[in-house]
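Survey of secondary and tertiary structure
Chain by chain, the residues run as shown.
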Amino acid sequence: MIAQDLKTLEERSIYIIREAKLKFKNIAALWSMGKDSTTMLALTRKAFLGKIPFPVIHIDNSIDFPETYAFREYLAKKWNFKVIVGHSDIKPDSVGSACCGQNKPETLKKIMKEYGFDALIVSIRRDEHAIRSKERYFSPRDKKFRWNYRNQPAELWDDYSSKLDTKGHVRVHPLLDWNELDIWRYVKQERIPINPLYFSRNGFRYRSLGCTHCTVALKSNAQKVDDIIKELEITKQEERSGRSMDKEREYVMQRLRALGYL
Amino acid sequence: MLMLTGAATKVRIKEAEEYSKRLHKDFEPAFILDSFAEERLQEMTIDTTRAEIKYKDLAFAFIDVPGHEELIKNMISGASYGEVALLLVSVKKDEGIKDQTKRHLFISRMLGIGKLVVAVNKMDTIDYDKKTFDETSGELEKFITKIGFDRSEVSFVPISAYKGDNLMKKSPKMKWYGGKPLIEVLYEKAKGEEKKQTGSLRIITQGVIPGNAGEHVVGRIVSGNVKTGEKVSVLPQGMTVKVIGIMVKGKRVKSGKVGENVALQLDRNLGYAMRGSVMADPEHKPKVTDQVRLRIFVTGRFGKRTLAKFNGTEIACKSVNVIRNIDVTTGESSASKKAKILGAVEADVKLAKKVPVENYDVTRELGRFVLYSDGKFAGIGTVS
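Quick notes on the rules
Residues numbered from 1 in each chain as written. Chains lettered and ligands numbered in written order. Predicted model: local features only at pLDDT ≥ 70, side-chain atom pairs only at ≥ 80, totals over all residues. Helix = DSSP H or I, 4+ residues; strand = E, 2+ residues; numbered from the N terminus. Rg over C-alpha atoms; globule rule 2.2 N^0.38 Å. Buried ≥ 20, exposed ≤ 12 C-beta atoms within 10 Å, placed from the backbone. Contact = placed C-beta atoms within 7 Å. Pairing = 2+ DSSP bridges. Axes fitted to C-alpha atoms, helices over the stretch in contact; angles between N-to-C directions. Expected span 1.5 Å × (residues − 1). Right-handed = clockwise from strand over helix to strand, strands pointing away. Nonpolar A, V, L, I, M, F, W, Y, C, P; charged D, E, K, R; others polar. Domains from an automatic or database assignment. pLDDT = per-residue confidence, 0-100.

**Here we look at the overall build of chain B**
Secondary structure summary: chain B contains six helices and 21 strands in total. Computed over C-alpha atoms, the radius of gyration of chain B comes to 24 Å, within 12% of the 21 Å expected from 2.2 N^0.38 for 384 residues, which places it in the range of a compact globule. In terms of overall dimensions, chain B has a C-alpha envelope of 70 × 50 × 40 Å along the principal axes. Sorting the 384 residues of chain B into buried and exposed places 44% on the buried side. Long-range contacts, defined here as pairs at least 24 residues apart, represent 65% of the contacts in chain B between residues at least 6 apart.

In structure tokens, the structure reads:
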């Protein structure tokens, strides 16, 4: 059992992000322009004296929301970091795992190979999904991106695995301990710029952001960060209930993660 | 408890119910945390996970760990982050106290966890019998004191997790129990667990990063505090440097406190070989040595090439000499010099280089080693 508050979470994340940068030769971070990976970038700036000292990858299937693209340009300029855009093709009719689960990892594989990245920061959280809750802070993936979840490395105290048996890479998860409400409270405290899609327009807002095909807006009148915090303090609805892929069975998600899904 | 506090969402519970049905079982609440298909089919926790509970003014995470022997690596990985231990013991016929029950207690104590709650579970299967509860508690109590827990920091609570007895409120079925329900007992222990604020300055450095005003040494303060203008010793290198600037979370500050990740400007450049070094109060320095006596919990075979991982660096071990064995199920020592897997030993370890070391009870970060042998996880060691 361990107590957790915003300050503890923040310090641990800063430690992990620094550890990733100082332990590996060539790292990058994934950025979806969503609240979690944007918070990760804000934490990175705290860790590195206001800078983001590694490139940020956006896997773009060309059907993200216009607001999302605009936010990408806005923040990359404001915070002065390099964005690598990887274009993934989507099949017109596919949704959920058939789409995201296959196209995005393939595009990411190409980028990782082209740039030779040995570690990748990914802003997943344990509370998002039962399978994500089983992850380590540092999680090795093999050459084919596979996750050997049956035999994860020991990860104790602050000793994180960096051993690579194959020509794979290590996924780094600095936000693993955070929950959705922690993120919003931190966004408020640090005044982190956020994609406008999270705020209510015409009675609806996005609570979790994917592409235009698979993300559904939920009923909400929350127009400010404070409203969102209030809403989340009482809601019984799941965060990712607007994401079609998560409606598939647990083991589908497990299979996807084992195969390298993000 | 996850269900009663709302920590497990409706969707998670529903998913666990549906999966139970598919396996033709009654609802299996363990599936809320055991989310891997393999865990559900084999009815066992394989890997560690966390679930967060909010109670009163506290948020605390439960770190679920597997019990089976072959999964000890995952158990230690989870337990190493714990501040309070919650041990579940079943009083159901043919279950009860096992070797692994005691082994987990031994590991918890070795990891430095001082506060312990023993939840004596499945009381419903023995008709809420006080005598059985007393016998189980009594047997564990002896062992717990023997391995170094302070009895006043240990609580025993009779529960039935399945029926909800003594979880959130006192059960009418066990009027003989004079204590508080489990959630209250946990809350009080978690509340009392405050971070160490005293002690001499110890900063574990992660490395050096560039800044506008030159290089900054980054690291985490694990003990004490540091102020601008102060002199600190850099170990094991041995030089003394002056702190001329401190940055915390990107802001310039006058002092850094325990628990914070700092970026320090020093009066001279130290170069890039700083990873794993310790910055310490020059008046109260840790010992710098290549010879450590460790208490080791053994998880694998010690082969030809043993590595000690210590504060982000890897150090070759020249030799590992076992002095004595400790039986993790009784707490007794013996003269045997063989390191048995899943057992514990005390050993003298000779390292290939000198490192700053302290007793684990004084500064944990300077008193702990993760051991790998021939590429495999072989054990954890604490300086005793």
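**Let's talk about the sheet that holds strand β3 (residues 56–60) of chain A**
Residue and element names in this part refer to chain A. Ordered in space as β4-β3-β2-β5-β7-β6, the six strands form an open sheet in which the pairing is mixed. What marks the edges here is a single partner per strand, and that holds for β4 (83–87) and β6 (138–141). Strand-to-strand twist of the sheet, defined as the mean angle between neighbouring strand axes without regard to direction, takes the value 30 degrees. Pairing between strand β5 (residues 119–121) and strand β7 (residues 169–172): three bridges, direction parallel.

**Observations concerning the sheet that holds strand β5 (residues 154–158) of chain B**
Residues and elements named next belong to chain B. The three strands lie next to each other as β3-β4-β5, forming an open sheet whose pairing is parallel. Since the sheet does not close on itself, it has two edges, and those belong to β3 (84–90) and β5, each with one partner. Adjacent strand axes in the sheet meet at a mean angle of 20 degrees, parallel and antiparallel pairs treated alike. Here β3 runs beside strand β4 (residues 115–121); their pairing, made up of seven bridges, is parallel. Looking across to β4, one finds that L87 is bridged to V118. Packed onto the sheet, helix α5 (residues 130–146) meets β3, β4 and β5 and runs at close to 150 degrees relative to β4.

**Considerations on unusual backbone geometry**
Residues B:L235 and B:P236 are joined by a peptide bond in cis, for which omega reads 10 degrees. Notably, A:F145 is not glycine yet its phi reads approximately 75 degrees, a positive angle. Within the secondary structure layout, A:F145 lies in the loop between β6 and β7. We classify A:F145 as buried; it has 20 C-beta atoms within 10 Å. In the Ramachandran plot, B:D127 falls in the positive-phi region, its phi being about 60 degrees despite a non-glycine side chain. Tracing the sequence through the fold places B:D127 in the loop between β4 and α5. By the C-beta count within 10 Å, which is 8 here, B:D127 ends up exposed.

**Comments concerning the environment of B:G238**
Residues and elements named next belong to chain B. The topology assignment puts G238 in the loop between β9 (231–235) and β10 (240–248). Using a count of 11 C-beta atoms within 10 Å as the deciding quantity, one classes G238 as exposed. Through-space distance from the C-alpha of G238 to that of V278 is 9.9 Å; in sequence the pair is 40 residues apart.

**With respect to helix α2 (residues 35–47) of chain A**
Spacing of three or four residues puts side chains on the same side of an α-helix, whose turn is 3.6 residues. Residues and elements named next belong to chain A. Compared with the 18 Å implied by 1.5 Å per residue over 13 residues, the 18 Å span of α2 between its first and last C-alpha is a close match. Burial runs high along α2: twelve of the 13 residues are buried. All buried positions along α2 are accounted for by K35, S37, T38, T39, M40, L41, A42, L43, T44, R45, K46 and A47. Looking at the buried positions of α2, the neighbouring elements they touch are α1 (6–23), β2 (27–30), α3 (66–79), β5 and α5 (180–190). At the exit of α2 stands L49, carrying a positive phi of roughly 50 degrees.

**Side note on the environment of A:A70**
All names here are of chain A. Within the secondary structure layout, A70 lies in helix α3. Assessed through the 13 C-beta atoms surrounding it within 10 Å, A70 is described here as partly exposed. With 13 residues separating them in the primary sequence, A70 and V83 have C-alpha atoms 13 Å apart.

**Regarding the pairing of β3(A)**
All names here are of chain A. Sheet topology places β2 next to β3; two bridges connect them, and they run parallel. Bridge pairing links L30 to I57 in β3. Of the crossover connections in this fold, the one passing from β2 over α2 to the parallel β3 is right-handed. Relative to β4, β3 runs parallel, the two sharing five bridges. Of the residues in β4, the one forming a bridge with I59 is G86. Handedness of the crossover joining β3 and β4 through α3 is recorded here as right-handed.

**Let's talk about the interface of chain B and chain A**
Contacts between chain B and chain A engage 51 residues on the former and 36 residues on the latter. With six residues, the top contributor of residues to the side of chain B that touches chain A is strand β2 (residues 58–64) of chain B. Of the residues contributing to the side of chain B that touches chain A, the split by class is 22 nonpolar, 13 polar and 16 charged.

**Concerning the domain arrangement of chain B**
All names here are of chain B. Looking at chain B, the domain boundaries give domain 1 (10–192), domain 2 (202–280) and domain 3 (287–383). One C-alpha centre belongs to domain 2, the other to domain 3; they are set 29 Å apart. At the level of elements, β6 (202–211), β7 (214–223) and β14 (278–280) are the ones that each hand at least two residues to the side of domain 2 that touches domain 3. Taken together, the residues of the side of domain 2 that touches domain 3 sort by class into six nonpolar, three polar and two charged.

**Quick look at the confidence of the model for chain B**
Here chain B shows a mean pLDDT of 90. Residues at 70 or above account for 98%. As a predicted assembly, this complex carries a pTM of 0.89 together with an ipTM value of 0.87.

**Things to note about the pairing of strand β20 (residues 368–373) of chain B**
Residues and elements named next belong to chain B. In terms of residue burial, β20 counts as a mostly covered element, since six of its six residues are buried. With burial as the criterion, each face of β20 is covered, one bearing R368, V370 and Y372 and the other bearing F369, L371 and S373. Both strand β16 (residues 306–310) and β20 contribute to a ladder of four bridges, which runs antiparallel. Across the sheet, the residue bridging to L307 is Y372, located in β20. Strand direction decides the pairing type here: β20 and strand β21 (residues 376–383), joined by six bridges, are antiparallel. Each residue of the ladder has a partner; that of S373, found in β21, is K376. Here β20 folds back onto β21 in antiparallel fashion, the turn holding two residues, of which D374 has a positive phi close to 45 degrees.

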